[in-house]
Amino acid sequence: MTNLKAFGQFSPFSVGFDDIFNTLQRASIPQSNYPPYNIIKKGDTYHIEMAMAGFNKSDIDIEIEDNTLTISAKKEDRENDMEFIHKGISEKEFYKSFALAEYVEVKKANMISGILVIELEKNIPDEQKPKKIKISG
């Protein structure tokens, strides 16, 4: 059953929108602000930039399931004989998810100077794009 508490006023008019309401419900769950990130839009493309100081590519997992992009990371344990005098760079594991709109696809992911950059593109199929109708006669 779909949780429509926040959207109950629309339920008499919403047949088949269960997935949208579920996505909005997931997106409304508070998440940590760690790690810091930016979301940038350039035309039909989006970039998620995420600060990944202290993480290697092998520590990061990126997954898409049910129009949800999930980024998680877990740092390998360091040597036991190390003693930090000061630890200002966080290496705690995290899990962050982003709800993706229909037709948004992940194109690529890169690590540039400690910033994870994920490029997404809204790729609307031709049959879904607006069409001009010629008036005949």
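Here, the structure is the one placed above.
Quick look at the structure, then. All values reported here derive from a predicted model rather than from experimental measurement.

**Digging into the overall build of the chain**
- Of the regular secondary structure elements, the chain holds one helix and seven strands.
- Along the chain, helices (α) and strands (β) appear in the sequence α-β-β-β-β-β-β-β when read from the amino end.
- Burial statistics for the chain: of 137 residues in total, 23% are counted as buried.
- For the chain, restricting intrachain contacts to residue pairs at least 6 apart in sequence, the fraction spanning at least 24 positions comes to 50%.
- Summing over all exposed atoms, the chain offers an accessible surface of approximately 10700 Å²; the carbon and sulfur share of this is 51%.

**Brief notes about the packing of aromatic side chains**
- Within this structure, the stated rule accounts for three aromatic pairs.
- Residues Tyr34 and Phe94 carry aromatic rings whose centres are separated by 6.0 Å and whose planes lie at 90 degrees to one another, so their mutual orientation is edge-to-face. Pair noted here: Tyr34 is in the loop between helix H1 (18-27) and strand E1 (37-42) and Phe94 is in strand E5 (residues 94-99), with a separation of 60 residues, a long-range link.
- The class for Tyr34 is buried, based on a relative accessible area of 18%.
- An aromatic cluster is built from Tyr34, Phe55 and Phe94, whose rings are joined through pairwise contacts.
- In this structure, Lys87 is placed above the aromatic ring of Phe84, and the distance from its NZ or CZ to the ring centre is 5.1 Å.
- Over the face of the ring belonging to Tyr34 we find Lys92, whose NZ or CZ atom lies 4.8 Å from the ring centre.

**Let's talk about the pairing of strand E6 (residues 104-112)**
- Pairing analysis gives eight bridges linking E6 to strand E7 (residues 115-122), with the strands arranged antiparallel. Of the residues in E7, the one forming a bridge with Val104 is Lys122.

**Quick look at the side chain of His47**
- Note on placement: His47 falls in strand E2 (residues 45-51).
- What His47 contacts, discounting residues up to four positions off in sequence, is Asn38, Ile39, Ile40, Lys42, Val117, Ile118 and Glu119.

**Brief notes about the nonpolar core**
- In terms of nonpolar packing, the biggest core is built from 16 residues, with Met52, Leu69, Ile71 and Phe94 touching the most fellow members.
- At the level of elements, E2, strand E4 (68-73), E5 and E7 are the ones that each hand at least two residues to this core.
- Setting aside anything within four residues of it in sequence, one finds Met52 in contact with Pro35, Ile60, Ala73, Phe94, Met111, Gly114 and Leu116.

**Observations regarding the sheet that holds E4**
- With antiparallel pairing, the three strands of this open sheet are ordered in space as E3-E4-E5. Bordering the open sheet on either side are strand E3 (60-65) and E5, each of which pairs with just one other strand. For this sheet, the mean angle separating the axes of adjacent strands, direction not counted, is 15 degrees.
- With six bridges connecting them, E4 and E5 associate as antiparallel partners. Following the sheet pairing, Leu69 is matched in E5 by Phe98.

Analysis parameters
In this convention, every chain numbers its residues from 1, walking through the sequence in written order. Local features are withheld for residues below a pLDDT of 70 in this predicted model, meaning they are given only at 70 or higher, and side-chain atom pairs are given and counted only at 80 or more; totals for whole chains, interfaces and linings count all residues. Based on all heavy atoms of the structure, the side-chain values leave hydrogens and waters out of the count. In this description a helix means any DSSP run of H or I spanning at least four residues, a strand means any run of E spanning at least two, and both kinds are numbered starting from the N terminus. Whether a residue is buried, partly exposed or exposed follows from its accessible area with a 1.4 Å probe, protein chains only, as a fraction of its type maximum: under 20%, in between, or over 50%, in that order. In what follows, a contact means two residues having at least one pair of non-hydrogen atoms within 4.5 Å. For the accessible areas, the method is Shrake-Rupley and the probe is 1.4 Å, while residue cover comes only from the protein chains on display. Any pair of Phe, Tyr and Trp rings, taking the six-membered ring for Trp, is counted once the centres come within 6.5 Å. Such a pair is stacked with planes under 30 degrees apart, edge-to-face with planes over 60 apart, and tilted for the rest. In this scheme, the term charge over a ring applies when either NZ of a lysine or CZ of an arginine sits within 6 Å of the ring centre and within 35 degrees of the ring normal. Criterion used throughout: strands pair if DSSP finds at least two bridges between them. Only buried residues count toward a nonpolar core. Its members are Ala, Val, Leu, Ile, Met, Phe, Trp, Tyr and Cys residues joined through side-chain atoms within 4.5 Å. Note on method: axes are straight lines fitted to C-alpha atoms, helices fitted across the in-contact stretch only, with angles between N-to-C directions ranging 0 to 180 degrees.

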